[in-house]
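Results of the structural survey
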Amino acid sequence: LNHLDSLHPLLDSIYLETDYRYWKKSALKYFSAFPLEQHKKIFRTVLAYEEKDVIMKRDAALGLGRLKDEASVDLIIKVCEQESATSDFNAYFYLMALGMIKGDQAKKNLERYKNSSVTSVRNLVTGVLEDW
């Protein structure tokens, strides 16, 4: 990865020590792209907390997906259902995360979106399930 994952120590301290939202969001986006085991707690907290920032939630779900954290499937599904209540499009990133994690429960949830009215969601689910 061309050593792009070397900022963990700096961003860990920034995330934990600052109240400045912009920096927290930036650190979380980085953690999502280059997740470490230690970030699972941060990702789960962002998803479980009634966080209003959907971008942070989506990044947290993708981080858990990249870590293939099966223990977080229920939490990802719960947030996915909340976010997709207004539109299936809002489920997209959570479905991506579930597709990375795999497992029976993740697959069952993905299958619920096979006939989505949102083309991008339908295409994502079809592709993920084909590669299962």
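Since the model is a prediction, treat every value here as computed from it, not as a measurement.

Quick look at the environment of Arg122 now. Along the chain, the position of Arg122 falls in helix 8 (residues 119-130). With relative accessibility at 29%, the residue Arg122 sits in the partly exposed group. Taking C-alpha positions, Arg122 is 9.3 Å from Tyr92, a pair spaced 30 residues apart along the chain. Those residues within four positions of Arg122 in sequence are excluded, and the remaining contacts are Tyr113, Lys114, Asn115, Ser116 and Ser117.

So, on to the confidence of the model for the protein. For the protein, the mean per-residue pLDDT works out to 92, and 95% of the residues sit at or above 70. The least confident element of the protein, judged by mean pLDDT, is helix 1 (residues 8-17) at 87; the most confident is helix 6 (residues 92-101) at 98.

Summed over all chains, the structure comprises 7 aromatic pairs. Taking 6.4 Å as the distance between ring centres and 25 degrees as the angle between the ring planes, the aromatic pair formed by Phe89 and Tyr92 counts as stacked. Overall, the relative accessible area of 40% leaves Phe89 in the partly exposed class. Pairwise contacts between aromatic rings join Tyr15, Tyr30, Phe31 and Phe34 into one cluster. The ring of Tyr15 has Lys24 lying over it, and the distance from NZ or CZ to the ring centre is 4.2 Å.

A few words now on the environment of Gln38. Relative to the elements of secondary structure, Gln38 occurs in the loop between helix 2 (21-33) and helix 3 (40-48). Note: C-alpha distance between Gln38 and Met56 (18 residues apart in sequence) is 17 Å. Side-chain polar atoms of Gln38 contact the side chain of Asp12, separated by 2.8 Å.

With that settled, consider unusual backbone geometry. Positive phi, close to 55 degrees, is recorded for Lys68, a residue that is not glycine. With respect to the secondary-structure elements, Lys68 resides in the loop between helix 4 (54-66) and helix 5 (73-83). Phi angles above zero are rare outside glycine, and Lys102 is one such case at about 70 degrees. Within the fold, Lys102 resides in the loop between helix 6 and helix 7 (104-111).

Counted by the stated rule, this structure contains 7 salt bridges. Among the ionic pairs, Lys40 bridges to Glu37, the shortest N-O distance being 2.7 Å. Taking the relative accessible area as the measure of exposure, Lys40 reaches 15% and is therefore buried. Assessed through its relative accessible area of 53%, Glu37 is described here as exposed. A salt bridge links Lys57 to Glu83, with the nearest nitrogen and oxygen atoms 3.4 Å apart. Taken together, the positions of Lys57 in helix 4 and Glu83 in helix 5 put the pair 26 residues apart, joining distant regions of the chain. We note that Lys57, like Glu83, is buried.

Conventions adopted
Residues numbered from 1 in each chain as written. Predicted model: local features only at pLDDT ≥ 70, side-chain atom pairs only at ≥ 80, totals over all residues. Heavy atoms only, no water. Helix = DSSP H or I, 4+ residues; strand = E, 2+ residues; numbered from the N terminus. Buried < 20%, exposed > 50% of the residue type's maximum accessible area, 1.4 Å probe, protein only. Contact = heavy atoms within 4.5 Å. pLDDT = per-residue confidence, 0-100. Phe/Tyr/Trp six-rings, centres within 6.5 Å; stacked < 30°, edge-to-face > 60°. Lys NZ or Arg CZ within 6 Å of the ring centre and 35° of its normal. Polar contact = N/O pair within 3.5 Å; in protein donor to acceptor, adjacent residues only side chain to side chain. Salt bridge = Lys/Arg side-chain N within 4 Å of Asp/Glu carboxyl O.

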